[in-house]
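Listed below are the residues making up each chain.
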Amino acid sequence: MSKKQIKIALAGNPNSGKTTLFNAFTGLKQKVGNYPGITVEKKSGKAKLSGEYNAEILDLPGTYSLFPKSMDEQVAQQVLCNNTDEDYPDVTIVIADATNLRRSIFLLTQVIDLNMNVVLALNMVDIATKKGILVDVNLLSEELGIQVVAINARKGKGIESLKEAIIKTIDEEPKKLF
């Protein structure tokens, strides 16, 4: 039985943990930093999701919306908004910093509105918890109509749950938020 090959795009605001998640998925060591502009082009790597699925993971530059204001934001917009692009994903993971979830909601809703398969990865949940910020992942998933997974990309926590959420999302029909 041959494995299914899928494409996954990692999208999110600058400093949300996209490249750290990319490294956790692929085992690669792309440069990460705590300031915007580290990833200014798309990067690609391979990952095994399960016994049935392999994935090409695409690390997109950070963006706040699908209305680009810079060249690096335009790279993300072109991949996500053009279903004829060779890198158009089967699933888009929007990575959000759980300590500042509000900042990520605009991009998330834009991606959902594209009628794509979307999973929300809430990163840095450990830091949010220490700050007294608690996110009800199940309620958020229900309200958004997509899979939501709490992760800590730096420590590799929640990665297996995220892989499971991706697999669940692949065969589902994309849901419209509004």
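So, how was this worked out
- Position numbers for residues start from 1 in each chain and track the written sequence from start to end.
- Since the coordinates come from a predicted model, pLDDT governs what is reported: local features require at least 70, and pairs of side-chain atoms require 80 or more to be given and counted, while whole-chain, interface and lining totals use all residues.
- Hydrogens and water molecules were not included; the side-chain quantities draw on all heavy atoms of the structure.
- Confidence of the predictor at the level of single residues is captured by pLDDT, which takes values from 0 to 100.
- Residues are treated as being in contact if the distance between any of their heavy atoms lies within 4.5 Å.
- The helix count covers DSSP runs of H or I at least four residues long, the strand count covers runs of E at least two residues long, and both are numbered beginning at the N terminus.
- Expected helix span is computed as 1.5 Å times (number of residues minus one).
- For a residue, the bend is simply the angle between two axes, fitted respectively to the seven-residue segment ending there and the seven-residue segment starting there.
- In this scheme, a residue with accessible area under 20% of its type's maximum is buried, one over 50% is exposed, and one in between is partly exposed, where area comes from a 1.4 Å probe on protein chains only.
- Axis angles are defined between N-to-C directions and span 0 to 180 degrees, where every axis is a line fitted to C-alpha atoms and, for a helix, only to the segment in contact.
- Roughly parallel means an angle under 35 degrees; roughly antiparallel, over 145; roughly perpendicular, 65 to 115; everything else is oblique.
- Ten residue types, Ala, Val, Leu, Ile, Met, Phe, Trp, Tyr, Cys and Pro, are classed as nonpolar, four, Asp, Glu, Lys and Arg, as charged, and the remainder, Gly among them, as polar.

Per-chain confidence: the protein averages 87 in pLDDT, with 88% of residues scoring 70 or above. Across residues 31–39, confidence stays below pLDDT 50; counting only partners more than four residues off in sequence or on other chains, it has 19 contacts.

Here helix α3 (residues 101–113) is 13 residues long and its end C-alpha atoms lie 18 Å apart, about the 18 Å a rise of 1.5 Å per residue gives. Residue L107 marks the point of greatest curvature in α3, where the axis turns by about 25°. Residues of α3 that are buried include every one of L101, S104, L107, L108, T109, Q110, V111 and I112, and no others. Buried residues along α3 sit in contact with β1 (4–12), α2 (71–81), β4 (91–97), β5 (118–123) and α5 (137–144). Remark: N115 follows α3 within two positions and exhibits a positive phi of approximately 65°.

With that settled, the discussion passes to the packing of helix α1 (residues 18–26) against helix α6 (residues 159–170). Relative to each other, α1 and α6 sit at 85°, their axes nearing to 11 Å. As the angle between them shows, α1 and α6 are arranged roughly perpendicular. Across from L21, A24 and F25 in α1, the residues of α6 making contact are I159, L162, K163 and I166. Residue composition of the contact of α1 with α6, by class: six nonpolar, no polar and one charged.

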